[in-house]
Amino acid sequence: FTVTLMARTQRNKATAHHLGLLKARLAKLRRELITPKGGSAGATGEGFDVAKTGDARIGFVGFPSVGKSTLLSNLAGVYSEVAAYEFTTLTTVPGVIRYKGAKIQLLDLPGIIEGAKDGKGRGRQVIAVARTCNLILIVLDVLKPLGHKKLIEHELEGFGIRLNKQPPNIGFKRKDKGGINFTATCAQSELDGDTVKSILAEYKIHNADITLRSDSTADDLIDVVEGNRVYIPCIYVLNKIDQISIEELDIIYKVPHCVPISAHHRWNFDDLLEKMWDYLRLVRIYTKPKGQLPDYTSPVVLPDGRTAVEDFCLKIHKNLIKELKYALVWGASVKHNPQKVGKDHVMNDEDVIQLVKK
């Protein structure tokens, strides 16, 4: 009913307030749909998720029979059942590849269908596993890509996954008293004080500080208030390129976030792996025992944004940071080689580190 109301409403400044309210109501109802009501804990998703291993996790999402299992088999050498009928894969099949010294876990998820976010075809469990990934590969059939792409994006967005987006630059802080304190540091095209207040009132929030640091929409504000959104990078993998012409392939190459491949013939895998590495934004740190050469075979891999010496120590063992006196670092993050640094020093990709204990 709310969706029809929104579709019927004209979009202009006078109705923006009303539309914002409807969007908030819709987001709230969607969240209630996603989170199952009480009852037994075991009945939600039976043995669907796989234990997280390696340095990063990549999920293959797509409609049935687009070649997800073939891609996994040929990339990771793991056998995932392949057949000419839809829904061959019924549970999550994991595989691991080693690339540039990092162990990357690949998950072949069952095909999702329209209405998956509402629980059709076990879609809810599939998308719940996708939420835990560091990167999502949306596998599309090159002969029917655009319709599928929009449908899958819609399913994932409905479940609180935002693809290739940054979290909105909105400050939101709840208070006990003092009403709604609204400030915008730049001109806003959609949101004003009244709209913000009405959206927050829908969530029964009447005391909060809201700071808009960029031109934001009602959806951005709802995402921040809901607080359960995950922002995941995404690559669109266009499979079965052996069925199209070279001219069509040239056009596909210009689409952002897209990699054309042929999973069956193993075409263009190196391009796909390189793009996966770029989107994962992992940082490799090499270790150097005292008086020996650095070990370049097995780096310690850290996610971008958490590459301080302290994070490095915690990755190895949580007690190591207590024993740390200082560290010696060689590489791009320091001015002198080696340089004596403390636990807050942030390292770059392919730096070499030697820890000195107390």
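About the criteria used
Throughout, a residue's number is its position along its own chain's written sequence, starting from 1. Where totals are concerned, whole chains, interfaces and linings use all residues; where local detail is concerned, this predicted model gives features only for residues with pLDDT of at least 70, and gives and counts side-chain atom pairs only at 80 or more. Side-chain numbers here rest on the full set of heavy atoms in the structure, without hydrogens or water. Aromatic rings from Phe, Tyr and Trp, taking only the six-membered ring of Trp, are treated as a pair when their centres fall within 6.5 Å; an angle between ring planes under 30 degrees marks them as stacked, one over 60 as edge-to-face, and anything in between as tilted. What counts as a helix is a DSSP run of H or I of at least four residues, what counts as a strand is a run of E of at least two, and both are numbered from the N terminus. Under the scheme applied here, a residue whose accessible area is under 20% of the maximum for its type counts as buried, over 50% as exposed, and between as partly exposed, the area being computed with a 1.4 Å probe on protein chains only. By definition, being over a ring means that NZ of Lys or CZ of Arg is both within 6 Å of the ring centre and within 35 degrees of the ring normal. Contact definition: two residues touch when any of their heavy atoms are within 4.5 Å. One speaks of a salt bridge when a side-chain nitrogen belonging to Lys or Arg is within 4 Å of a carboxyl oxygen belonging to Asp or Glu. Between any two strands, pairing holds if DSSP finds at least two bridges. Fitting a line to C-alpha atoms yields each axis, with helices limited to the stretch in contact; the angle taken between N-to-C directions then spans 0 to 180 degrees.

### What about the packing of aromatic side chains?
Part 1 of the reasoning: Within the structure shown, the criterion is met by two aromatic pairs.
Part 2 of the reasoning: For the ring pair Tyr99 and Trp277, a centre distance of 6.0 Å and an interplane angle of 70° mean the geometry is edge-to-face. With Tyr99 in strand S2 (residues 93-99) and Trp277 in helix H9 (residues 269-280), this pair connects stretches of sequence that are 178 residues apart.
Part 3 of the reasoning: Judged by relative accessible area, which is 17%, Tyr99 ranks as buried.
Part 4 of the reasoning: Between the aromatic rings of Tyr286 and Tyr296, the centroid separation amounts to 4.9 Å while the plane-to-plane angle is 75°, which identifies the pairing as edge-to-face. Of this pair, Tyr286 sits in strand S12 (residues 282-287) while Tyr296 sits in strand S13 (residues 295-303), and the two are ten residues apart along the sequence.
Part 5 of the reasoning: Residue classification places Tyr286 among the buried residues on the basis of a relative accessible area of 7%.
Part 6 of the reasoning: On the basis of relative accessible area, Tyr296 is assigned to the exposed category, the value being 53%.
Part 7 of the reasoning: If you follow Lys149 out to its NZ or CZ, it ends over the ring of Tyr236, 4.7 Å from the centre.
Part 8 of the reasoning: The ring centre of Tyr326 lies 4.4 Å from the NZ or CZ of Lys340, which sits over that ring.

### So, the environment of Gly67
Part 1 of the reasoning: You can see Gly67 is positioned in the loop between strand S1 (56-61) and helix H3 (68-76).
Part 2 of the reasoning: Since its relative accessible area comes to 15%, Gly67 is described here as buried.
Part 3 of the reasoning: In this structure the C-alpha to C-alpha distance between Gly67 and Asn239, which are 172 residues apart in sequence, comes to 6.9 Å.
Part 4 of the reasoning: Those residues in contact with Gly67, other than ones at most four positions away along the chain, are Asn239 and Ala263.

### Considerations on the pattern of salt bridges
Part 1 of the reasoning: All chains considered together, the criterion is met by 15 salt bridges.
Part 2 of the reasoning: With a shortest N-O distance of 4.0 Å, Arg162 and Glu157 are connected by a salt bridge.
Part 3 of the reasoning: Asp223 serves as the salt-bridge partner of Arg162, at 2.9 Å between the closest nitrogen and oxygen. Residue Arg162 is located in strand S5 (residues 161-163), and its partner Asp223 is located in helix H7 (residues 218-226); the two are separated by 61 residues in the primary sequence.

### As for the side chain of Arg162
Part 1 of the reasoning: On the accessibility criterion, Arg162 (9% relative accessible area) is buried.
Part 2 of the reasoning: Not counting residues within four places of it along the chain, the set of residues in contact with Arg162 comprises Glu157, Asp223, Arg229, Val230, Tyr231 and Ile232.

### Remarks on unusual backbone geometry
Part 1 of the reasoning: Of note, the bond from Asn337 into Pro338 is cis; its omega dihedral lies within 30 degrees of zero at -10°.
Part 2 of the reasoning: Structurally, Pro338 can be placed in the loop between strand S14 (324-330) and strand S15 (339-341).
Part 3 of the reasoning: Non-glycine residue Lys100 carries a positive phi angle of around 55°.
Part 4 of the reasoning: As for its position among the elements, Lys100 is in the loop between S2 and strand S3 (102-108).
Part 5 of the reasoning: Under the relative-accessibility criterion, Lys100 is labelled partly exposed at 34%.
Part 6 of the reasoning: Unusually for a residue other than glycine, Arg281 sits at a positive phi of about 50°.

### Digging into the sheet that holds strand S7 (residues 180-184)
Part 1 of the reasoning: Read from one edge to the other, the open sheet built from three strands follows the order S6-S8-S7, with strand pairing classed as mixed. Each having just a single partner strand, strand S6 (170-174) and S7 make up the two edges of the open sheet. Recorded for the sheet is a direction-independent mean angle of 5° between the axes of neighbouring strands.
Part 2 of the reasoning: Bridge analysis of S6 against strand S8 (residues 208-212) gives five bridges, and the strand direction is antiparallel.

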